[in-house]
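Coordinate inspection notes
Now for the letters of each chain:
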Amino acid sequence: FAWLLRTLAEDNIKDAEFQREEEKQRHLNVIECLSQEYTCIFIMDWDTDYVSMFDMNRSFPAFERAIEETHSYKKAISLYKQMAVYPGDWELFGEETRFEVIKKNLGEKPTHYVTFRRFAGGKEEYVQLRFAKVQNPDGSLEIVGAFRGIDTRLAKLALEKTDEN
């Protein structure tokens, strides 16, 4: 009888370890999916505004530098807005990138994104900043954010969609 109980306990432990590994793999798959399409990937703690870089390729140096200096999402996004966001988009960008707005929207749908213009290399370009909620294997939540440059046609469609909401 003791042998049977020990075998069942070992099986339960193996099942729990397997489930934790599967959850961890799903978490990494979400980040990997974002990284295929996006650059400058960062991770925020769900409960605080602590932020760290996941992938830096220097395509968004102002934001990457702000994160490295502050490790505060609120400070980094504010600095980025002042340094790189087109002034005509400051109001929209400021509202849609607020930590509280992101959390609220991610509580209602799987992703939240903001389309805006930035100055890069002396030129104006359209950018999309996308956020997704990710649950860690330990049950804690994080927000993954990532930037990508988009062409003018896609940007106009995204901005029209934003105006409708």
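First things first, this report covers the structure right here in the doc. Just so it is clear, the model here is predicted, and its values are computed rather than measured.

**A look at the side chain of D49**
When you line up the elements, D49 lands in the loop between β1 (39-45) and β2 (51-55). No salt bridge is formed by the buried D49, whose closest oppositely charged neighbour, K74, lies at an N-O distance of 5.2 Å. One polar contact links D49 to S72, side chain to side chain, over a distance of 2.6 Å. Reaching out from D49, the side chain makes a polar contact with the backbone nitrogen of K74 at a distance of 3.0 Å.

**Considering the environment of D45**
Of note, D45 is situated in strand β1. For D45 and Y73, which are 28 residues apart along the polypeptide, the C-alpha to C-alpha distance reads 9.3 Å. Sequence-distant contacts of D45, that is, excluding residues within four places in its chain, are made with Y50, F99 and L141. At 2.9 Å, the side chain of D45 forms a polar contact with the backbone nitrogen of D47.

**Some thoughts on the pattern of salt bridges**
For the structure shown, the criterion picks out seven salt bridges. Its salt-bridge partner being E100, residue K74 comes within 3.4 Å of it at the nearest N-O pair. Here E100 lies in helix α5 (residues 99-108) and K74 lies in helix α3 (residues 73-84), a separation of 26 residues in the sequence. Here E100 falls in the partly exposed class, since its relative accessible area comes to 42%. A salt bridge links R118 to E125, with the nearest nitrogen and oxygen atoms 2.5 Å apart. Taking relative accessible area as the criterion, E125 reaches 28% and is therefore assigned partly exposed. One network of salt bridges, with partners in common, ties together K74, E95, R98 and E100.

**Considering helix α2 (residues 61-70)**
For α2, the complete set of buried residues consists of A62, F63, E64, A66 and I67. Of the residues trailing α2, H71 is marked for its positive phi of about 55°.

**Here's the deal with the nonpolar core**
Core analysis: the largest hydrophobic core is formed by 28 residues, its most contacted members being F42, Y80 and F147. The set of elements that each furnish at least two residues to this core consists of β1, β2, α2, α3, α5, β3 (111-120), β4 (123-135) and β5 (141-150). Counting residues per element, this core draws most heavily on α3, at five residues. With residues up to four places along the chain from it excluded, the contact list for Y80 reads F60, A62, F63, V85, F93, F116, R118 and F147. Residues Y38, I41, I43 and V134 belong to the second largest nonpolar core, which totals six residues.

Rules behind the numbers
Residues numbered from 1 in each chain as written. Predicted model: local features only at pLDDT ≥ 70, side-chain atom pairs only at ≥ 80, totals over all residues. Heavy atoms only, no water. Helix = DSSP H or I, 4+ residues; strand = E, 2+ residues; numbered from the N terminus. Buried < 20%, exposed > 50% of the residue type's maximum accessible area, 1.4 Å probe, protein only. Lys, Arg positive; Asp, Glu negative; His and termini not counted. Salt bridge = Lys/Arg side-chain N within 4 Å of Asp/Glu carboxyl O. Polar contact = N/O pair within 3.5 Å; in protein donor to acceptor, adjacent residues only side chain to side chain. Contact = heavy atoms within 4.5 Å. Core = buried A, V, L, I, M, F, W, Y, C linked by side-chain atoms within 4.5 Å.

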